[in-house]
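The lines below spell out each chain.
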Amino acid sequence: MILKIINSALILVAIFMGLKQGWAMLSGKPEMIAMFSKWNISKTGLMVIGATTMLSALLIIFPKTFVWGNFLMAAGILLIISFHLLDRDLKGMAIELPFLLLNLIIIYLQHPLKDGAL
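Residues numbered from 1 in each chain as written. Predicted model: local features only at pLDDT ≥ 70, side-chain atom pairs only at ≥ 80, totals over all residues. Heavy atoms only, no water.

J.: Explain the packing of helix α1 (residues 2-26) against helix α5 (residues 90-109) to me, please; I cannot follow it from the model alone.
T.: Two numbers describe how α1 lies on α5: the axes approach to 10 Å, and their chain directions differ by 140 degrees. Compared by their axis directions, α1 and α5 come out oblique. Regarding α1 and α5, the two cross each other, and that crossing is left-handed. Counting all contacts with α1, which are made through L3, N7, L10, I11, V13, A14 and M17, the residues of α5 involved are F99, L102, I105, I106 and L109. Taken together, the residues of the contact of α1 with α5 sort by class into eleven nonpolar, one polar and no charged. (Axes fitted to C-alpha atoms, helices over the stretch in contact; angles between N-to-C directions. Helix = DSSP H or I, 4+ residues; strand = E, 2+ residues; numbered from the N terminus. Parallel < 35°, antiparallel > 145°, perpendicular 65-115°, else oblique. Left-handed = near helix turned anticlockwise from the far one by under 90°. Contact = heavy atoms within 4.5 Å. Nonpolar A, V, L, I, M, F, W, Y, C, P; charged D, E, K, R; others polar.)

Rendered as structure tokens:
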């Protein structure tokens, strides 16, 4: 029971962060444009990545799409980590790593409503 509550809290954090960062990308915040433009990703590409991030956060909510949502979000984070490593930016990579691990831990713990109820 306690594990399901902890997992629920982790899921809420992942959903909040996914929606927050996805919206920042989708709306074209200057910080996001600056970060992604150094990797030659246009504003349109940034909007697509942002929409995908927001979609993956919403997919995490439902038990049937839980794994797909986590997979999409982890893939997006892995993409950003790869870009940081191409630039040899270990600090940027280290910032993204906990978010990748969060998705992997959530997948391991599974959806708390998978069996019906808390």
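J.: What's the story with the environment of L10 in this structure? I'm lost.
T.: For L10, the position within the fold is in helix α1. Overall, L10 belongs to the partly exposed group, its relative accessible area being 25%. Distance in space between the C-alpha atoms of L10 and I105 is 8.8 Å, their sequence separation being 95 residues. Setting aside residues up to four positions removed in sequence, L10 forms contacts with L102, I105, I106 and L109. (Buried < 20%, exposed > 50% of the residue type's maximum accessible area, 1.4 Å probe, protein only.)

J.: Help me understand a nonpolar patch on the surface in this model?
T.: Together, L97, L101, L104 and I105 line one region of the surface with nonpolar side chains, adding up to about 330 Å² of accessible area. The topology assignment puts L101 in helix α5. (Patch = residues over 30% accessible without salt bridge, like charges linked within 9 Å, V, L, I, M, F, W, Y side chains within 5 Å. Areas by Shrake-Rupley, 256 points an atom, 1.4 Å probe, with all protein chains shown as cover. Salt bridge = Lys/Arg side-chain N within 4 Å of Asp/Glu carboxyl O.)

J.: What is the right way to read the packing of aromatic side chains from this model?
T.: How two aromatic rings sit relative to each other is given by the distance of their centres and the angle of their planes. Across all of its chains, the model carries three aromatic pairs by this definition. With 5.0 Å between their ring centres and 20 degrees between their planes, W39 and F83 make a pair best called stacked. Here W39 is found in the loop between α2 (30-37) and α3 (43-61), whereas its partner F83 is found in helix α4 (residues 66-86), with 44 residues between them in sequence. By the burial criterion, W39 is buried, and F83 matches it. Chaining the aromatic ring pairs together yields one cluster made of F36, W39 and F83. (Phe/Tyr/Trp six-rings, centres within 6.5 Å; stacked < 30°, edge-to-face > 60°.)

J.: Quick question: what am I supposed to make of the environment of I107 here?
T.: For I107, the location among the structural elements is in helix α5. Separated by 96 residues in sequence, I107 and I11 have C-alpha atoms that sit 9.7 Å apart.

J.: For this particular structure, what's the right way to read unusual backbone geometry?
T.: Negative phi values dominate among residues other than glycine, just as trans dominates among peptide bonds. A positive phi angle, near 60 degrees, is found at R88, a position not held by glycine. By secondary structure assignment, the location of R88 is in the loop between α4 and α5. Located in the positive-phi region is Q110, a residue other than glycine, with phi close to 65 degrees. Structurally, the position occupied by Q110 is in the segment after α5.

Geometric descriptors of this kind do not, in isolation, establish any biological role.
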